[in-house]
Structures are given as structure tokens and as C-alpha cells.
Amino acid sequence: MQSFYGKTAVVTGAASGIGRAIAKRCAQYDMRVVLADIDQSALNKTENDLRSVGADVLAILTDVSKPDDVGTLAQKTLDHFGNVHLLFNNAGVATGSTIWDSTLDDWKWVVGVNMWGVIHGLRVFVPIMIDQDTECHIVNTASVVGLLDKFSSSSYQVTKHAVVAISEQLYHSLVEMKSKVKASVLCPGWVRTRILDANRNHPTVNQDILYKDQDLKGDLESGVPPEIVAEHVFRAIHQDKFYILVNADEYKPLIRMRMENILEESNPTESDK
Ligand SMILES: NC(=O)c1ccc[n+]([C@@H]2O[C@H](COP(=O)([O-])OP(=O)(O)OC[C@H]3O[C@@H](n4cnc5c(N)ncnc54)[C@H](O)[C@@H]3O)[C@@H](O)[C@H]2O)c1
């Protein structure tokens, strides 16, 4: 995409962290921004902040795990702005531990938001973008964890692998039909956001399994600020780049090792990451 000026962007998980930084960058490019989030007060704050710097912004309370909410998000976007050019399927949550220790509620929540949220976004917005027949771009937020074979939260890792696979499918389908809609997958390493405090939005449980993990907290604090991620994302959209790896260099040997193990049919390598 060569120019962002005047385009309409929909950002899910826009009230915090990476989504909020992407939304702010959209406003800096004089784009029209639709903020979608499940957290009403954080959404109001983000809307007010963007409006105070003159952004053309619409905030819509949305639970991305609910198909009807995502349908309403698209309808309200079209009613208000008349079009949509950029979609950031970014909302995400994390909790739980091993496959068997994570509760069924945790699995349903993490899969609902991280995987189904992306699927609902694509099922609703891709046909609109194709019919519109203008230059469009979709960025799905996965994680570097979606390229690795080990992470402390199993449900999180499973959904991030799914988002990488969904995005690759999307990419190939769009290329095959020579569509003007392009796609990318965002795979960052650690980013300084509220992701380890994701249980604040958990519908049934008020626990902080990950947040209490001091190792992970330290990793998070060593991460990059979300504004850096937003900068990389817009550069990638401009260059029509599919895989967007930010702050992920230290994980690349592990990604390579996983690929080599698969090709050589060796067992996964032990690692402390
Ligand atoms: N922070 C990191 O280190 C990191 C690394 C790699 C990938 N990611 C991914 O980046 C994305 C953004 O997370 P973040 O790090 O900015 O965390 P964050 O917690 O700061 O922001 C996530 C936002 O998503 C919203 N949200 C949660 N459930 C929702 C739902 N059902 N519907 C709509 N919105 C919902 C939250 O209210 C919040 O505003 C996630 O997909 C996350 O998995 C984060």
C-alpha cells in the first residue's frame, strides 16, 4: 500500500498495548480509525486521547470471540465511514499452563479470542474488501511463539500457531485470485504491554497465573515498546511484506532448529525459552 492518507482502519484490541499503538499511528497518518475492544473504560480513554489530537475516530465495544459482535463492527464501520481498507486482527489474551492444567474455561477463552477472533474478522471483512475492489491490507497479530515448539502457556501457543497458519492460508488464497487485498502476520517477541494481565478480561475466572510468573514479567519488561511494533507494521504494509518479526532475533535460532528437527525427523530440542 503506497499511501495511508484518508484510508479507514479497523483495529481490534485497540484500547491497550500494540493495538493502541497501531491506532495512534493510524491517526498520525491521517487515517480514519475504528477502535474495537471489550474493555469499555480503556476504549473510552483511547477514543478521547485520539480525538484530542484531531483524529477521526469511532469506538465500538466488541468481543471478537462473538461472530455477531464482529458483524456489527463491520456494519457500523461501513455506516459511519463507508469503506474499510486496513484490518488489524490484533485482540489477544493469555493464561494457563500445560495442556492438562489449563481449565476448560481457559482453553475456551484463549481459543475464542485469539483464534476465533481472527477467523470472525476474516469471514466478515475479507468479502467486504474484495467487493470494494480497492487496495486493502490485513494484519493478523500472532507471536513469535507461533513459530516455536515451546512456550509456558500451551493454549496461547496453540492459538498463535493457528494464527500463523490462518494467515498463510489467507495469503495464498488472495494471491491466487490476484486480489488487491494483501495480508501479513505479525510475530513479535516480547512487547511491553498488559498481556500478562490479560485475566482482567477473563469472563469467568479472576486469576493471574501468568502475571504471577516473575520470569515472564522480567521477559515482558525487557521487551520493546508497542510503538516500535507499530512502526515495523506500517513499514511492512508499505513494502507488502508478509512475515513481520519484531524483536525476535534471539528466537530465530530456535525457529531454525524447530524446522531442522521437523525435516530431519529429530525430536524437539530442549531449551529454556
Ligand atoms: N506483549 C507481548 O509481548 C506480545 C508478543 C507477541 C504477540 N502479542 C500479541 O499482541 C496482541 C495484542 O496484545 P498486547 O500485548 O497489546 O496486550 P494488551 O493486553 O495490552 O492488549 C490487548 C487488548 O485486547 C483487548 N481484548 C481482550 N479480549 C478481547 C476480546 N474478546 N475482544 C476484543 N478485545 C479484547 C484487551 O482489552 C486489550 O485492550 C495479542 O494478540 C497478543 O497475543 C503480544
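Scroll up to find the structure.
Conventions adopted
- Residues numbered from 1 in each chain as written.
- Predicted model: local features only at pLDDT ≥ 70, side-chain atom pairs only at ≥ 80, totals over all residues.
- Heavy atoms only, no water.
- Axes fitted to C-alpha atoms, helices over the stretch in contact; angles between N-to-C directions.
- Helix = DSSP H or I, 4+ residues; strand = E, 2+ residues; numbered from the N terminus.
- Parallel < 35°, antiparallel > 145°, perpendicular 65-115°, else oblique.
- Left-handed = near helix turned anticlockwise from the far one by under 90°.
- Contact = heavy atoms within 4.5 Å.
- Near = heavy atom within 4 Å.
- Polar contact = N/O pair within 3.5 Å; in protein donor to acceptor, adjacent residues only side chain to side chain.
- Areas by Shrake-Rupley, 256 points an atom, 1.4 Å probe, with all protein chains shown as cover.
- Expected span 1.5 Å × (residues − 1).
- Bend = angle between axes of the 7 residues up to and from the residue.
- Buried < 20%, exposed > 50% of the residue type's maximum accessible area, 1.4 Å probe, protein only.
- Salt bridge = Lys/Arg side-chain N within 4 Å of Asp/Glu carboxyl O.
- Pairing = 2+ DSSP bridges.

## Here we look at the packing of helix α3 (residues 67-81) against helix α4 (residues 104-132)
Right, on to step 1. Following both chains from N to C, one finds α3 and α4 inclined at 30 degrees, their axes separated by 8 Å at the closest point. Regarding the angle of α3 to α4, the classification is roughly parallel. Where α3 crosses over α4, the two elements pack in a sense that is right-handed. Where α3 abuts α4, its residues P67, V70, G71, L73, A74 and L78 lie against H120, G121, V124, F125 and I128.

## Examining the site of the ligand
Right, on to step 1. What surrounds the ligand is a group of 31 residues, the closest being S16, D37, Y156, V191 and T193.
Right, on to step 2. At 2.8 Å from an oxygen atom of the ligand is found a main-chain nitrogen or oxygen belonging to I18.
Right, on to step 3. Within the backbone of V64, one N or O atom sits 3.0 Å away from a nitrogen atom of the ligand.
Right, on to step 4. For the ligand, the protein covers 98% of the area, taking 830 Å² as the surface of the free molecule.
Right, on to step 5. Within the residue set of the shell around the ligand, elements represented by two or more residues are α1 (17-28) and α5 (154-176).

## Focus on α4
Right, on to step 1. Its 29 residues give α4 an end-to-end C-alpha distance of 40 Å, which sits within 8% of 42 Å, the value for a rise of 1.5 Å per residue.
Right, on to step 2. Approximately 40 degrees is the largest bend angle found in α4, and it occurs at W116.
Right, on to step 3. Directly after α4, the chain includes D133, whose backbone phi takes a positive value near 55 degrees.

## Notes on the environment of A23
Right, on to step 1. Counting through the fold element by element, A23 comes out in helix α1.
Right, on to step 2. For A23, a relative accessible area of 0% puts it in the buried group.
Right, on to step 3. Each C-alpha atom of the pair A23 and Q239 lies 19 Å from the other, and the pair is 216 residues apart in sequence.

## Points about the pattern of salt bridges
Right, on to step 1. The final tally for this structure, using the stated rule, is nine salt bridges.
Right, on to step 2. Between K180 and D133 there is a salt bridge, with the nearest N and O atoms lying 3.3 Å from each other. Highlighted residues: K180 in the loop between α5 and β6 (181-188) and D133 in the loop between α4 and β5 (136-141), separated in sequence by 47 residues.
Right, on to step 3. A relative accessible area of 41% means that K180 is categorised as partly exposed.
Right, on to step 4. Looking at D133, the relative accessible area reads 48%, which means it is partly exposed.

## A few points about the side chain of T141
Right, on to step 1. Residue placement: T141 occurs in strand β5.
Right, on to step 2. At 3.0 Å, the side chain of T141 and the side chain of N90 are in polar contact.

## What to know about the sheet that holds β6
Right, on to step 1. Judged by pairing direction, the sheet is parallel, and its seven strands sit side by side in the order β3-β2-β1-β4-β5-β6-β7 without closing on themselves. With partners counted over all chains shown, the strands left at the sheet margins are β3 (56-61) and β7 (243-246), one partner each. Direction aside, the axes of adjacent strands within the sheet are offset by 15 degrees on average.
Right, on to step 2. Pairing between strand β2 (residues 32-37) and β3: six bridges, direction parallel. Its bridge partner lying in β3, V34 is registered against L58.

None of the figures reported here should be taken as evidence of function without further support.
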